Amino acid sequence: MTVYHGSLYEIQEPNVAKSKPYVDFGPAFYLTSFQSQAERWALRKANRSGGIRNAYVNQYSLDSEKL
């Protein structure tokens, strides 16, 4: 299964310990199966930075049998 994460950074290996503690559903590494949703989120974050940051869509492959 392919999943995506919209960010201001390229993230090779997700690490929940680096997440913000006070987000909607608590500390986590948020993923979506919709690439367009990750793109919108990354662009939103870049725009909030005043356009001085790049937007990245990180792509990961999960083994659905282990979920």
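For the structure itself, consult the block above.
Residues numbered from 1 in each chain as written. Predicted model: local features only at pLDDT ≥ 70, side-chain atom pairs only at ≥ 80, totals over all residues. Heavy atoms only, no water.

Novice: Can you explain the pairing of strand 1 (residues 2–7)? Please cite residues and give values.
Specialist: Most of strand 1 sits out of view: five of its six residues are buried. When strand 1 meets strand 2 (residues 56–61), the two strands line up antiparallel, connected through six bridges. Along strand 2, the bridge assignment pairs Ser7 with Tyr56. (Buried < 20%, exposed > 50% of the residue type's maximum accessible area, 1.4 Å probe, protein only. Helix = DSSP H or I, 4+ residues; strand = E, 2+ residues; numbered from the N terminus. Pairing = 2+ DSSP bridges.)

Novice: Mind laying out the layout of surface pockets, listing which residues take part and the relevant values?
Specialist: A volume near 1,100 Å³ is recorded for the largest pocket. Along its surface, the largest pocket is lined by 29 residues, and His5, Gly6, Tyr30, Trp41 and Lys45 are the ones closest to its centre. At the level of secondary structure, the elements contributing two or more residues to the lining of the largest pocket comprise strand 1 and helix 1 (35–48). Top contributing element to the lining of the largest pocket by residue count: helix 1, with seven residues. Tallied by class, the residues present in the lining of the largest pocket amount to 13 nonpolar, seven polar and nine charged. (1 Å grid on protein atoms, 1.4 Å probe; cavity = no way out; pocket = protein on both sides within 12 Å on 5 of 7 lines; lining within 4 Å. Points joined across faces, edges and corners; volume = space filled by probe spheres on them. Nonpolar A, V, L, I, M, F, W, Y, C, P; charged D, E, K, R; others polar.)

Novice: Please give an account of helix 1 that cites residues and values.
Specialist: Taking 1.5 Å per residue as the helical rise, helix 1 with its 14 residues ought to reach 20 Å, and the 20 Å between its terminal C-alpha atoms agrees with that figure. Every buried residue of helix 1 is accounted for by Ala38, Ala42 and Ala46. Burial along helix 1 is one-sided: seen end-on, the buried residues are contained in an arc of 70°. In helix 1, those exposed residues whose orientation departs by more than 90 degrees from the buried face are Arg40, Asn47 and Arg48. Next to the buried residues of helix 1 lie strand 1 and strand 2. Where helix 1 ends, the next residue or the one after it, Gly50, has phi of about 80°, a positive value. (Expected span 1.5 Å × (residues − 1). Arc of directions from axis to C-beta. Contact = heavy atoms within 4.5 Å.)

Bear in mind that shape data such as this cannot, by itself, settle questions of function.
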